[in-house]
Amino acid sequence: MKKYITLAALLAAGTTFANAETLTTTFGTANQSSVADVELSVEGLEGVTADVVSLVNSAGNVSIKTAGTAGTDAAIFSPDTNVGTGAPWTAEFKYTLGGTVEVKSLQSIGLDVVLFNSSGAYQQGGQWAAVWEGSITFTATILDENDLELGSFGGSLIPKQGQGSTPFTVSLSSASAVDLSSTDSFTMKLALTETLDNGTFVGLKTIKQEVSVVPEPSAFGMLAGLGALALVASRRRRK
């Protein structure tokens, strides 16, 4: 009996482990004047794709920084707006859930962020080390394919002095996971709601989303097959 209980526990643990996945979004050709030209790549689950829907601040549409070391880095999504002077940005990213694996829910979000100035140079050391005051705060609102709100995430971080070109991670959490089982796509409305007190431009290096998925039928079949083999082997040993 103990063997059967142990076997069942191992199978359950394997299924639970298989449910955890990370969707990692990176940027290509991000140093474009038009947001529509920015390319996104999503890794972690086959068939999931993403696009930039919009980028705005309080004054309207925002372009992408195309100058300086940060602005010309095609892997950095660098909104050309000074968030430290009251012009934070909001970007919408649409994710289409394709492939054979069903995404069940969104658990948490991590943002790798860099700081730069109006010339596109990374803000690190020098005068910037002395004037970084306050925190960087993001909220992420999740909308379904009909633009109905499913839930939201939030988090903030106080950057270390002298840390600009080295990405730092802002972790966004929620009181409960956001259910994605009834939608084929979702939009993440990412808003930079609070920033450092002085002039600062904030860009994204990567977006990491922790999701739970329903394993493919083949995965359940493999687990069942392993369980059957273990059961047969156990009975043979007893005989």
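Since we're looking at a predicted model, the values are computed, not measured. All residue numbers refer to position in the chain's written sequence, counted from 1. For this predicted model, a pLDDT threshold of at least 70 governs which residues receive local features, and a threshold of 80 or more governs which side-chain atom pairs are given and counted, while totals over whole chains, interfaces and linings are taken from all residues. Excluded from the side-chain calculation are hydrogens and water; included are all heavy atoms of the structure.

K.L.:
Now, about the sheet that holds strand β3 (residues 48-57): what can you tell me, with residues and values included?
P.N.:
Here a strand pair is declared whenever DSSP counts at least two bridges between the two strands. Segments assigned H or I by DSSP are reported as helices when at least four residues long, segments assigned E as strands when at least two residues long, and all are numbered from the N terminus. In space, the six strands of this open sheet follow the order β4-β3-β5-β11-β7-β8, with antiparallel pairing throughout. Both outer strands of the open sheet, β4 (60-61) and β8 (149-157), are each paired with one neighbouring strand and no more. In terms of strand pairing, strand β7 (residues 136-143) meets strand β11 (residues 185-194) through seven bridges, oriented antiparallel. Looking at the pairing, Thr139 lines up with Ala191 of β11.

K.L.:
Which residues make up the packing of aromatic side chains, and what values do they have?
P.N.:
Any two rings among Phe, Tyr and Trp, with Trp reduced to its six-membered ring, count as a pair given centres within 6.5 Å; such a pair is stacked if its planes are under 30 degrees apart, edge-to-face if over 60, and tilted if neither. Summed over all chains, the structure comprises seven aromatic pairs. A connected cluster of aromatic rings, assembled from ring pairs, spans Phe27, Phe77, Trp89, Phe93 and Phe138.

K.L.:
Describe the pairing of β8, listing the residues and the values that go with them.
P.N.:
Looking at chain direction, β7 and β8 are connected through eight bridges and run antiparallel. Across the sheet, Thr137 pairs through a bridge with Ser156, a residue of β8. With antiparallel pairing between neighbouring strands as the criterion, β7 and β8 make up a hairpin whose turn holds five residues, including Asp147 at a positive phi of roughly 65°.

K.L.:
So what's going on with unusual backbone geometry? Which residues, and what values?
P.N.:
Even without a glycine there, the phi angle at Asp147 is positive, about 65°. Looking at the element boundaries, Asp147 is found in the loop between β7 and β8. Take Asp147: its relative accessible area is 55%, and that puts it in the exposed class. Only protein chains enter the calculation, and the probe is 1.4 Å; a residue is then buried if its accessible area is under 20% of its type maximum, exposed if over 50%, and partly exposed in between.

K.L.:
So what's going on with the confidence of the model for the protein chain? Residues and values would help.
P.N.:
One confidence number per residue, pLDDT, is output by the predictor and ranges from 0 to 100. For the protein chain, per-residue confidence averages 81 on the pLDDT scale, and 74% of positions sit at 70 or higher. Low pLDDT, under 50, characterises residues 2-18; the stretch is placed with 15 contacts to residues that sit more than four places away or in other chains. In what follows, residue pairs with any heavy atoms lying within 4.5 Å of each other are defined as contacts. Overall, residues 218-230 carries pLDDT values under 50, and its contacts beyond four positions in sequence, including any with other chains, amount to seven contacts.

K.L.:
Please set out the environment of Glu210 residue by residue, giving values where relevant.
P.N.:
Counting through the fold element by element, Glu210 comes out in strand β12 (residues 201-214). A relative accessible area of 32% means that Glu210 is categorised as partly exposed. In the structure, Glu210 is positioned 166 residues away from Gly44 in sequence and 9.9 Å away in space, judged by C-alpha atoms. Identification of polar contacts relies on pairs of N or O atoms within 3.5 Å, with a donor-acceptor requirement for protein atoms, meaning one able to donate a hydrogen and the other able to accept it, and with residues adjacent in sequence counted only if both atoms are side-chain atoms. A polar contact of 2.9 Å, which involves the side chain of Glu210, links it to the side chain of Thr22.

K.L.:
Which residues make up the nonpolar core, and what values do they have?
P.N.:
Ranked by size, the top nonpolar core spans 47 residues in total, and within it Phe93 and Phe138 carry the most contacts. Broken down by element, this core gets its largest block of residues, six residues, from strand β6 (residues 102-116). Those residues within four positions of Phe138 in sequence are excluded, and the remaining contacts are Trp89, Leu111, Val113, Phe153, Gly154, Gly155, Val170, Leu172, Leu190, Ala191, Leu192 and Val202. Counting six residues, the second-largest nonpolar core is a separate cluster that includes Ile76, Phe116, Tyr122 and Phe201. What is meant by a nonpolar core is a set of buried Ala, Val, Leu, Ile, Met, Phe, Trp, Tyr and Cys residues, joined one to another through side-chain atoms within 4.5 Å.

K.L.:
Give a detailed account of the pattern of salt bridges, specifying residues and quantitative values.
P.N.:
Here a salt bridge means any side-chain nitrogen of Lys or Arg lying within 4 Å of a carboxyl oxygen belonging to Asp or Glu. Taken as a whole, this structure holds two salt bridges when the rule is applied. The shortest N-O distance in the salt bridge between Lys65 and Asp80 comes to 2.9 Å. Taken together, the residues Lys65 in the loop between β4 and α2 (68-71) and Asp80 in the loop between α2 and β5 (90-97) connect sequence positions 15 residues apart. The buried category is assigned to Lys65, whose relative accessible area is 7%.

K.L.:
Outline the environment of Thr195, supporting the account with residue identities and numerical values.
P.N.:
For Thr195, the position within the fold is in the loop between β11 and β12. For the pair formed by Thr195 and Phe138, sequence separation is 57 residues and the distance between their alpha carbons is 9.0 Å. Those residues in contact with Thr195 that sit more than four places away from it in its chain are Val83, Gly84, Ser135 and Ile136.

K.L.:
Could you give an account of the side chain of Thr183, naming the residues involved and the relevant values?
P.N.:
Relative to the assigned elements, Thr183 resides in the loop between β10 (178-179) and β11. Since its relative accessible area comes to 7%, Thr183 is described here as buried. With near-sequence residues (within four places) excluded, Thr183 lies in contact with Leu97, Asp144 and Glu145.

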